[in-house]
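Structure assessment
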Amino acid sequence: MSPLDTSAARSAAPLRSDLALIARMVDRGARVLDIGCSDGALLDHLIREREVVGRGIELSQRNVNACVARGLSVIQGDADTDLVEYPARAFDYAILSLTLQATRDPRRVLEQMVRIARHAIVSFPNFGHWQVRLHLTLRGRMPVTDSLPEAWYETPNIHFCTIRDFIALCEACGLEIEETLVLRNDRPQKGLLGSIWGGPLANLLGEKAIFRLRKD
Amino acid sequence: MSEQPGATAVDGAVEGAAEEAEDAAETAQQQARQDGLTAEFGGDTPMMLDCGVALGPFTLAYQTYGRLNADKSNAILVCHALTGDQFLAGTHPVTGKPGWWSQIVGPGLALDTERFFVICVNVLGGCMGTTGPKSANPATGEAWALDFPVITIADMVRAQKLLIDRLGIDKLFCVTGGSMGGMQVLQWAASYPEKVFAAVPIATAARHTAQNIAFHEVGRQAIMADLDWCGGRYIAEGRNPDRGLAVARMTAHITYLSEPALHRKFGRRLQDRRGLTFGFDADFQVESYLRHQGASFVQRFDANSYLYITRAMDYFDLAQESGGQLAQAFRDTPVRFCVISFSSDWLFPTSENRDVVHALNAVAADVSFVEIESDAGHDAFLLDEPEFRGTLAGFLNGCAEHRGLSFP
């Protein structure tokens, strides 16, 4: 890559819709840690569009190198082990998008997030979705769906949960749920269906959920 | 740290090169002064060294590449490694070979000299024009030899800071360097955080490990065991500890490579012969290569400088300066860091580089960390590693954008 084609290296591809929804939860100019930042798409968007001070942690060295080469501040690291290093309240937002289910100790990761940041934003695939339930009920096999495409023996997702499971964990950890979005086809559901207060229905129809949390 | 790859291996060159080396070394300093830039310091106010000695006057020899922009904001200081020098790019005036970072520094390269003003200073204690043990002691008119004060990484950086001030540069856009150069980068960021916008320590550590000190001690003992070393007074005696210095270089050179790299380059291949000679000639290519490395090194490097600079690295422990907590060295740092390591480097392994990253995280510093996959060992930072170049260029671009840098 020539050092001059900065703009080409950072082409503004449209942001994945669930990431765009997360981005809207972040205040302008905030300090953000994106945990499991992948290729840096969300981080880049937040820095450009919302003028945040952004950092990333990513497990894959290949992704890290690509992020740094596009000018993002990213380190190779592991959500399970490396969050303890950061001082308390170092960030305004700690973001964990579709990564919680791949961590070894989701509860500890969540607790670390609300320690190092004023708000935690967490998104995850909902294992309570009707397709998952149907798959398991009718076929008696571990579900393989569009949003969960890997077979059980090769999936990095080792800690699945449903929306209701997650709410229970938040309660157990004493976390305040500030905002929730329940997604179907990557679009936020409106009214009761889109709210965790939709209870069993939201848990049945939502494919993914995004939670904004805090702990005082 | 090593010579450019592809150097021809020479049998028995250590012996043959002895006198030649003396003359070459003699003129090296002079030549460097002719071909490069120098600045004098400490004439009125000597510089206080960590060892408690006030040094002055002294000379810093340096090179610059590219042009300084109007507001003097595009300067990058490159800090060289143990046996490197200020000649980054272009043809080296002493060796006639390309500069040690000519893959990285130049028009259109990662450190793009069409955009950045790149400075490299021969370290204090060095032998390529900067004052060191080979220079004349003003008190006696003879070479300092072991009367030269022991210098530290922090002393090297203090001296560089004087030059940066003299050049009228208020804030360096970036300080970078590999190995001992990386130690200087960390020292710059710790000592003068407000004077550095970005820091790229490469293949380095915040302290020299016991193993690294051990290897250095072997090198120093090899030099001091050479009868021609004369207790350090070889210049006054008209001699030069070529054999000792060559052995020191050979040992060190092994630490700059990796077993896979040695295997790939040489394997067990024989040097210009059909079979084993049942003697102690350099039967194997790897032996011949090492002998060549030793022989060519003594032509450009001063043995006492080697003692002093290895000592400076051994003494380096940035955490110790900050009450045992490395993170404290970087508290509230405004510097943007990019730490880079290489997967096969066992001299400054990824774990040592990662310790720096951990410390920076502990103070929530702005840090990137990249490990480059390479089998070339520690020397990878001197070689043409595309992913390394891309990372460096990308990080600098991001910083330039962030800083709103204007280019000449």
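Along each chain, residue indices are assigned from 1 in the same order as the chain's sequence is written. In the order they appear in the text, chains get letters beginning with A and ligands get numbers beginning with 1. In keeping with the model being predicted, local features are shown solely for residues with a pLDDT of at least 70 and side-chain atom pairs are shown and tallied solely at 80 or more, while totals for entire chains, interfaces and linings include all residues. Each side-chain value is worked out from all heavy atoms of the structure, with water and hydrogens disregarded.

Remarks on the pairing of strand β5 (residues 117-125) of chain A
Residue and element names in this part refer to chain A. Defined as follows: In this scheme, a residue with accessible area under 20% of its type's maximum is buried, one over 50% is exposed, and one in between is partly exposed, where area comes from a 1.4 Å probe on protein chains only. The helix and strand labels rest on DSSP assignments: H or I over at least four residues marks a helix, E over at least two residues marks a strand, and numbering proceeds from the N terminus. One bridge is not enough; two strands pair if DSSP finds at least two bridges between them. Every crossover in which the path from the first strand over the helix to the second runs clockwise, viewed with the strands pointing away from the viewer, is termed right-handed.
Most of β5 sits out of view: eight of its nine residues are buried. The pairing of strand β4 (residues 91-97) with β5 spans six bridges and is classified as parallel. Along β5, the bridge assignment pairs I95 with I121. For the segment spanning β4, helix α6 (residues 106-116) and β5, crossover handedness is right-handed. Where β5 lies against strand β8 (residues 208-214), six bridges are found, and the strand directions are antiparallel. When the bridges of β8 are listed, I121 appears paired with R212.

Quick notes on the packing of helix α5 (residues 210-225) of chain B against helix α9 (residues 303-315) of chain B
Working note: a packed helix pair is described by the angle between its axes plus the distance between those axes. All names here are of chain B. What counts here: Between the N-to-C directions of two axes lies an angle of 0 to 180 degrees, each axis being a line fitted to C-alpha atoms and, for a helix, fitted only over the stretch in contact. For classification, angles of less than 35 degrees are called roughly parallel, those exceeding 145 degrees roughly antiparallel, those between 65 and 115 degrees roughly perpendicular, and all remaining angles oblique. Left-handed describes a crossing in which the near helix is turned anticlockwise from the far one by less than a right angle; the clockwise case is right-handed. By definition in these notes, contact holds between two residues if any of their heavy atoms fall within 4.5 Å. Three categories are distinguished: nonpolar for Ala, Val, Leu, Ile, Met, Phe, Trp, Tyr, Cys and Pro, charged for Asp, Glu, Lys and Arg, and polar for the others, with Gly belonging to the last.
Between α5 and α9, the shortest axis-to-axis distance is 10 Å and the interhelical angle comes to 160 degrees. It follows from the interaxial angle that α5 and α9 lie roughly antiparallel. Here α5 runs over α9; the crossing is left-handed. Taking contact as the criterion, the partners of N212, I213, H216, R220, I223 and M224 in α5 are, on α9, A303, Y306, L307, T310, R311, M313 and D314. Of the residues contributing to the contact of α5 with α9, the split by class is seven nonpolar, three polar and three charged.

Side note on the interface of chain A and chain B
As a reminder, the rule being used: Any carboxyl oxygen of Asp or Glu that lies within 4 Å of a side-chain nitrogen of Lys or Arg is treated as forming a salt bridge with it. Definition of a polar contact: a pair of N or O atoms within 3.5 Å, with one able to donate and the other able to accept a hydrogen when the atoms are protein atoms, and with sequence-neighbouring residues admitted only if both atoms are side-chain atoms.
Each partner contributes residues to the interface: chain A has 22 residues there, and chain B has 31 residues. Between the two partners, chain A and chain B, sit two salt bridges. Among the ionic pairs, D366(B) bridges to R55(A), the shortest N-O distance being 3.8 Å. Taken together, the links from chain A to chain B amount to 13 residue pairs in polar contact (both at pLDDT 80 or more). Those elements that provide at least two residues to the side of chain A that touches chain B are α4 (61-69) and β3 (74-76) of chain A. The element best represented in the side of chain A that touches chain B is α4(A), accounting for five residues.

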